[in-house]
Amino acid sequence: MGLGVGWTLHGDGRTPAPGAVVRPDERLSWPRTAGLGAQHVVAMFGASFVAPVLMGLDPNLAIMMSGVATAIFLLATRGRIPSYLGCSLAFVGVAAAIRAGGGDSAVVTGAVFVVGGVLFLAGLAVRRFGARVIHTAMPPVVTGAVVMLIGFNLAPVTASTYWPQDQWTALATMLFTGMAVVCLRGFWSRIAIFLGLLFGYALSWVLDLVFGKIHSPAGGTAAVDHWRLDLSGVGEADWIGLPSFHAPAFEWSAILIALPVVIALIAENAGHIKAVGEMTGDPLDDELGTAIAADGAASMLSTAVGGPPNTTYSENIGVMAATRVYSTAAYWAAACFALLFGLCPKFGAVVAAIPGGVLGGITVILYGMIGLLGAQIWITGRVDLRNPLNLVPAAAGIIIGIGGVTLRFTDSFELGGIALGTIVVITGYHTLRYFAPAHMKREEPLLDGGTSAYDEGSAGDVRDGGDARGAGG
């Protein structure tokens, strides 16, 4: 396929035969391919505009750069891996921690740029030495603990910033989203978070009409009278225009907070590659290093201009599982649609107007799911927490990460929270393993299961990893 941009027409280009699949190097007619691309855009919308909003970044730029990142990924993998790269939720906690320490958007994107660079180098290492280099450094007990502490570290953000802005809207949004995640099927279950946002958006508008302004904290400030849904910025925004760009800034303290997310992204990529390989029937183990490197390169490019990092999306894997159309042509169409949306500032203003109470209801579920996916990694990896070698470093690192424990070295440098928790988990595990008796050192299972699973008998149910996107985010 060369660069993966040449496709053969599948059958008559209309409807695949019963039981047939449209392979990555095939396509349907261009109108149908465009329609599938639009469906992929809808599927990724929920997380792709929630992530930049929660990180305090421009959603228009995020959508635009997700299209660019997808194109880079498809070219790098030569069309073998049909995947969409959208904004990663794994960095939401990192952004919150950096901003709590006084960092601005430039510092956030600078820290994430470095993470993208490390991820790129990790991909090259996997290409050179094989996946075992990753498995040796980060067995499931380590990966699961790091994902867990990253997710649960976010709890204070919901409790102190979003939920207090409108507790009843937050509660209603949480209940609706939970029902959507559990009760909906097929494609609709993939966009449950998106549907929850629409519900909360509409509910806030109705409550403003019926009850008027609410007296509560607005964006973490003192309690004031304000509209739940403020659409004043939408009317002022242009229909066509470029998003706002900015250069990254680099601070060591912020970089150290962000670096642990590399572990979650590597595990996530491993799971996605395995899931897509099982779906398409094309073993993709040899592409793991390329996929990780492409993810890192795309994130570097996005953050270099002020956008958020990107990663593969399981909502879109779910769309493929439901339609059995694995054509990369559909992903090229989706990338083009994303670029067009990024050029509409009015769209970004609508996204930026999401009420804080709505985000409170969404993040209660979303942040908890991110943390509990660490437990999923333990289950998939058959981690025995009765073994002190696994239990002690995981327990210590998780409490440090969630509780915000700090270790001060000088007046200007300290480690704490996510960074310190991750260091304790990794160094603690490998140090204890060196000294542990032989019966505690049984071989750890490899990470080739990643954080995803694909069961063809479950009508295309794909479960996601580090940034909880399997539920729409």
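Just above sits the structure.
What this report covers is the structure whose coordinates are included nearby. (Residues numbered from 1 in each chain as written. Predicted model: local features only at pLDDT ≥ 70, side-chain atom pairs only at ≥ 80, totals over all residues. Heavy atoms only, no water.)

Looking now at the overall build of the protein. In terms of regular secondary structure, the protein is built from 20 helices and ten strands. With 473 residues in all, the protein has 56% of them scored as buried. A separation of at least 24 residues holds for 79% of the contacts in the protein among residues at least 6 apart in sequence. Approximately 18,700 Å² of the protein is accessible, and the part contributed by carbon and sulfur atoms is 67%. (Helix = DSSP H or I, 4+ residues; strand = E, 2+ residues; numbered from the N terminus. Buried < 20%, exposed > 50% of the residue type's maximum accessible area, 1.4 Å probe, protein only. Contact = heavy atoms within 4.5 Å. Areas by Shrake-Rupley, 256 points an atom, 1.4 Å probe, with all protein chains shown as cover.)

Another point: helix α20 (residues 417-435). An α-helical turn contains 3.6 residues, so a residue and the one three or four places further along point in the same direction. An ideal rise of 1.5 Å per residue puts 27 Å on 19 residues; α20 measures up with 27 Å between its terminal C-alpha atoms. When we look at burial in α20, the residues that qualify are Gly-417, Ile-418, Ala-419, Leu-420, Gly-421, Thr-422, Val-425, Gly-428 and Tyr-429. (Expected span 1.5 Å × (residues − 1).)

Mapped onto the secondary structure, Gly-233 falls in helix α11 (residues 232-236). In this structure Gly-233 comes out as partly exposed when scored by relative accessible area, which is 34%.

Before going further, it helps to examine the side chain of Thr-77. For Thr-77, the location among the structural elements is in the loop between α2 (59-76) and β3 (85-87). Since its relative accessible area comes to 0%, Thr-77 is described here as buried. Each residue touching Thr-77, except ones within four places of it in the same chain, is listed here: Glu-287, Thr-290 and Ala-291.

Bringing the packing of helix α3 (residues 92-100) against helix α4 (residues 105-129) into the picture now. Remark: α3 packs on α4, axes separated minimally by 10 Å, with the N-to-C direction vectors making an angle of 135°. Regarding the angle of α3 to α4, the classification is oblique. Helix-helix and strand crossings are classified by hand; for α3 and α4 the assignment is right-handed. Touching Ala-95, Ile-98 and Arg-99 of α3 are Ser-105, Val-107, Val-108 and Ala-111, all from α4. Tallied by class, the residues present in the contact of α3 with α4 amount to five nonpolar, one polar and one charged. (Axes fitted to C-alpha atoms, helices over the stretch in contact; angles between N-to-C directions. Parallel < 35°, antiparallel > 145°, perpendicular 65-115°, else oblique. Left-handed = near helix turned anticlockwise from the far one by under 90°. Nonpolar A, V, L, I, M, F, W, Y, C, P; charged D, E, K, R; others polar.)

For the rest of this paragraph, the subject is the pattern of salt bridges. Counting across every chain of the model gives six salt bridges. Put simply, Glu-287 and Arg-78 hold a salt bridge, and the shortest N to O gap is 2.6 Å. Remark: Arg-78 occurs in the loop between α2 and β3 and Glu-287 occurs in the loop between α13 (261-280) and α14 (288-304); sequence separation between them is 209 residues. The class for Glu-287 is buried, based on a relative accessible area of 2%. Between Asp-384 and Arg-386 there is a salt bridge, with the nearest N and O atoms lying 3.0 Å from each other. What emerges from the salt-bridge pattern is a single network uniting Arg-78, Arg-80, Asp-286 and Glu-287. (Salt bridge = Lys/Arg side-chain N within 4 Å of Asp/Glu carboxyl O.)

Turning to a nonpolar patch on the surface, a few remarks are in order. Side chains of Trp-205, Val-206, Leu-209, Val-210 and Phe-211 sit close together on the surface and give an oily, nonpolar patch of about 570 Å² of accessible area. Positionally, Leu-209 belongs in helix α10 (residues 192-211). On the basis of relative accessible area, Leu-209 is assigned to the exposed category, the value being 59%. (Patch = residues over 30% accessible without salt bridge, like charges linked within 9 Å, V, L, I, M, F, W, Y side chains within 5 Å.)

We now examine α14. Compared with an ideal rise of 1.5 Å per residue, which puts 17 residues at 24 Å, α14 spans 24 Å between its outermost C-alpha atoms and is within 8% of the ideal. With 13 of its 17 residues buried, α14 lies for the most part within the structure. Two residues or fewer after α14 comes Gly-306, characterised by a positive phi angle close to 105°.

The next thing to look at is the environment of Pro-31. Relative to the assigned elements, Pro-31 resides in helix α1 (residues 30-55). Taking relative accessible area as the criterion, Pro-31 reaches 64% and is therefore assigned exposed. Separated by 17 residues in the primary sequence, Pro-31 and Arg-14 have C-alpha atoms spaced 9.6 Å apart.

Attention now moves to the packing of aromatic side chains. Taken as a whole and judged by the stated rule, the model has four aromatic pairs. Consider the rings of Trp-7 and Trp-30, whose centres lie 6.0 Å apart with planes at 85°: the pair is edge-to-face. A residue pair is termed long-range when its members are at least 10 positions apart, and Trp-7 in the segment before β1 (8-9) and Trp-30 in helix α1 qualify at 23 residues. The exposure class assigned to Trp-7 is buried, which follows from its relative accessible area of 18%. Look at Trp-30 and you get partly exposed, because its relative accessible area is 46%. Between Phe-113 and Phe-250 the ring centres are 5.9 Å apart and the planes differ by 70°, which places this aromatic pair in the edge-to-face class. One end of the pair, Phe-113, is in helix α4; the other, Phe-250, is in the loop between α11 and α12 (252-258), with 137 residues separating them in the sequence. With relative accessibility at 22%, the residue Phe-113 sits in the partly exposed group. (Phe/Tyr/Trp six-rings, centres within 6.5 Å; stacked < 30°, edge-to-face > 60°.)

With that settled, the discussion passes to unusual backbone geometry. At Arg-78, a residue that is not glycine, the phi angle is positive and equals roughly 55°. Note on Arg-78: relative accessible area 34%, which makes it partly exposed.

The contact between helix α8 (residues 167-183) and α10 brings their axes to 9 Å, and the two run at 150°. The angle between α8 and α10 falls in the class roughly antiparallel. The interaxial crossing formed by α8 with α10 has right-handed handedness. Side by side, α8 and α10 meet where Thr-169, Ala-172, Thr-173, Phe-176, Thr-177, Ala-180 and Val-181 of the first sit next to Ala-192, Ile-193, Leu-195, Gly-196, Phe-199, Gly-200, Leu-203, Ser-204 and Leu-207 of the second. Grouping the amino acids of the contact of α8 with α10 by side-chain chemistry returns ten nonpolar, six polar and no charged.

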